[in-house]
Amino acid sequence: MRAHILVVEDEQHLGLGIKYNLEAEGYRVSLVEDGPAALRMMEHNQNGVDLVILDLMLPGMSGYTVCQTIRGAGMMTPILMLSARTLAEDRTRGFNVGANQYMNKPFDLDELISRVRNLLGTAPRNAASPAEPAPVVDVIEFGAVKVNFQTHEVAVDGQAEHLTPKALKLLRYFVENPERVISRTELLNQVWELSGNVQTRAVDQSIANLRKVVEANPAEPRYLITIRDAGYRFVLEPTDDN
């Protein structure tokens, strides 16, 4: 069944552009132009809406209020907030009222689609086997690092290192999903087995700690790459551009 995305955008040309491009990706898209209409649709279709793309500046009711109302009703539908506001306090307020991700306008269409895929946990349409599960990896070598996930043995430059079971699980998830941008929400779901709506720095802190072991220079990582506002990507064979 196709994922159903609700787009809440009062700029008609922008809303129609988002709708057209998401439909081209195979999603089912509903478009409304104000907050009350969005809340009515969520109320009557809360189990049928898989993702909300929510503009911040809406007539009569702000995106903050819409998002807060959705969360106040107990709906955990992922919300991607769009805004021309670039101040840190605006982003913080968006996350505080329950947004999963926040993008600034103008935005890159490919990045928007990538974030949609990550929030929905879906693969691109042109993926070779979108329904095929990630391969199970027991031993991996990259750079100076060798990891045996079965025996929990980790070596860097031939020297034994220690990783906690959670860090090993996190690294294994990256290794089994190479080159894919993985959102914090997905990592919380798959590695920590928590709702992606939980407000925690556990993912970022764990990746920082993991980099101290597997990266030659944690301040300039080559394998565990941060993708700003989208998540992280594991690069098995980095180039000089990484």
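Quick notes on the rules
- Residues numbered from 1 in each chain as written.
- Predicted model: local features only at pLDDT ≥ 70, side-chain atom pairs only at ≥ 80, totals over all residues.
- Heavy atoms only, no water.
- Pairing = 2+ DSSP bridges.
- Helix = DSSP H or I, 4+ residues; strand = E, 2+ residues; numbered from the N terminus.
- Axes fitted to C-alpha atoms, helices over the stretch in contact; angles between N-to-C directions.
- Buried < 20%, exposed > 50% of the residue type's maximum accessible area, 1.4 Å probe, protein only.
- Phe/Tyr/Trp six-rings, centres within 6.5 Å; stacked < 30°, edge-to-face > 60°.
- Expected span 1.5 Å × (residues − 1).
- Arc of directions from axis to C-beta.

Caption draft 1: Layout of the sheet that holds strand 6 (residues 139-142). Read from one edge to the other, the open sheet built from four strands follows the order 6-7-8-9, with strand pairing classed as antiparallel. Each having just a single partner strand, strand 6 and strand 9 (159-161) make up the two edges of the open sheet. Taken pair by pair, the neighbouring strands of this sheet meet at an average axis angle of 20°, ignoring direction. As paired elements, strand 8 (residues 153-156) and strand 9 share three bridges and run antiparallel to each other. Residue pairing for strand 9: Ala155 is matched across the bridge by Ala160.

Caption draft 2: Local environment of the pairing of strand 8. Of the two faces of strand 8, the one holding Val154 and Val156 is buried and the one holding Glu153 and Ala155 is not buried anywhere. In this structure, strand 7 (residues 145-148) lies alongside strand 8, joined through four bridges in antiparallel fashion. Pairing of Val147 across the sheet is with Val154, part of strand 8. Connecting strand 7 to the next strand, strand 8, in antiparallel fashion are four residues, including His152 with a positive phi near 65°. Taken together, strand 8 and the strand that follows it, strand 9, pair antiparallel across an intervening segment of two residues, in which Asp157 is found at a positive phi of about 55°.

Caption draft 3: Spatial organisation of the packing of aromatic side chains. Applying the stated criterion across every chain yields a total of three aromatic pairs. For the pair Phe95 and Tyr102, a centre-to-centre distance of 6.5 Å together with 50° between the ring planes defines the contact as tilted. Relative to Phe234, the ring of Phe142 lies with its centre 5.2 Å away and its plane at 80°, an arrangement referred to as edge-to-face. Placement of the pair is Phe142 in strand 6 and Phe234 in strand 11 (residues 231-234), with a sequence separation of 92 residues. There is no split in this pair, since Phe142 and Phe234 are both buried. Chaining the aromatic ring pairs together yields one cluster made of Phe142, Tyr223 and Phe234.

Caption draft 4: Looking closely at helix 1 (residues 12-24). With 13 residues, helix 1 extends 18 Å from end C-alpha to end C-alpha; this agrees with the ideal 18 Å at 1.5 Å per step. Regarding helix 1, the residues found buried are Gly15, Ile18 and Leu22. Looking down the long axis of helix 1, one finds its buried residues gathered within 65° of arc, a one-sided arrangement. Of the exposed residues in helix 1, those oriented more than 90 degrees away from the buried face are His13 and Tyr20.

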